[in-house]
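The residues making up each chain are set out below.
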Amino acid sequence: MYIVSSTFIANVGKMMSTKTHERTKTPQFTIRMPEHVRALIDHAAALEGRSTSDFVLTSAVEKARETIESHQRIVLSQCDSMIFLEAMLTPPEPTDELRAAVTDYLAFTVRKSDERRNE
């Protein structure tokens, strides 16, 4: 079992440099994995001519961005798209409850704005 530290390899050069340079602390991420997984990652990083640390960090950031984007995006079927479009083009009349909610919201935001101004 290997332990991969995302900052170890990146910081080897810093550790070998003279002590006159101030070292900045960066967050560290450690992960345990089976040897065959480590070998797979090492092989992929070598094929791209990158360090394992750089390969793992870049891959993790890319996957994190994809995951966040996929959770922020709404995908609708063609039928759902038509229903949504129809609702946007011909919205229903507001109900009494909606009017009351808007009135409450406006009163709240005006009150908060006044409080901030008076601080």
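All of these numbers come straight from a predicted model, not from anything done at the bench.

**A short note on the overall build of the chain**
Scanning the chain from N- to C-terminus turns up five helices and two strands. For the chain, the α and β elements follow one another from N to C terminus as β-α-β-α-α-α-α. When the 119 residues of the chain are sorted by exposure, 10% land in the buried category. In the chain, the share of contacts with a sequence separation of at least 24, taken over all contacts with a separation of at least 6, comes to 53%. Carbon and sulfur atoms make up 62% of the accessible area of the chain, which amounts to about 10,600 Å² in all.

**Description of the packing of helix α2 (residues 35–47) against helix α3 (residues 52–72)**
Packing of α2 against α3 leaves a shortest axis separation of 9 Å and a crossing angle of 95 degrees. Of the possible angle classes, the one that applies to α2 and α3 is roughly perpendicular. On α3, the residues that touch R38, I41, D42, A44 and A45 of α2 are T52, F55 and V56. The residue inventory of the contact of α2 with α3, partitioned by class, reads five nonpolar, one polar and two charged.

**Quick notes on the pattern of salt bridges**
All chains considered together, the criterion is met by six salt bridges. Between R38 and D42 there is a salt bridge, with its nearest N and O atoms 2.9 Å apart. Taken together, the residues R38 and D42, both in helix α2 and four residues apart, mark about one turn of the helix. Take D42: its relative accessible area is 27%, and that puts it in the partly exposed class. Here R50 ties to E48 by a salt bridge, and the two come within 2.3 Å at their closest N and O atoms.

**Description of the confidence of the model for the chain**
Mean pLDDT over the chain: 84, with 81% of residues reaching 70 or higher. Taking the mean pLDDT of every element in the chain, the minimum, 46, falls on helix α1 (residues 8–16) and the maximum, 97, on α2. Of the regions scoring below 50 in pLDDT, residues 4–21 engages in 25 contacts with residues more than four places distant in sequence or in other chains.

**Details of the layout of surface pockets**
Empty space within the largest pocket amounts to approximately 250 Å³. In terms of lining, the largest pocket is formed by twelve residues, of which the most central are F29, I31, V56, L57 and A60. Those elements giving two or more residues to the lining of the largest pocket turn out to be β2 (30–33), α2 and α3. No other element matches the six residues that α3 contributes to the lining of the largest pocket. Looking at the lining of the largest pocket residue by residue, the classes come out as nine nonpolar, three polar and no charged.

How each quantity is defined
Residues numbered from 1 in each chain as written. Predicted model: local features only at pLDDT ≥ 70, side-chain atom pairs only at ≥ 80, totals over all residues. Heavy atoms only, no water. Helix = DSSP H or I, 4+ residues; strand = E, 2+ residues; numbered from the N terminus. Buried < 20%, exposed > 50% of the residue type's maximum accessible area, 1.4 Å probe, protein only. Contact = heavy atoms within 4.5 Å. Areas by Shrake-Rupley, 256 points an atom, 1.4 Å probe, with all protein chains shown as cover. Axes fitted to C-alpha atoms, helices over the stretch in contact; angles between N-to-C directions. Parallel < 35°, antiparallel > 145°, perpendicular 65-115°, else oblique. Nonpolar A, V, L, I, M, F, W, Y, C, P; charged D, E, K, R; others polar. Salt bridge = Lys/Arg side-chain N within 4 Å of Asp/Glu carboxyl O. pLDDT = per-residue confidence, 0-100. 1 Å grid on protein atoms, 1.4 Å probe; cavity = no way out; pocket = protein on both sides within 12 Å on 5 of 7 lines; lining within 4 Å. Points joined across faces, edges and corners; volume = space filled by probe spheres on them.

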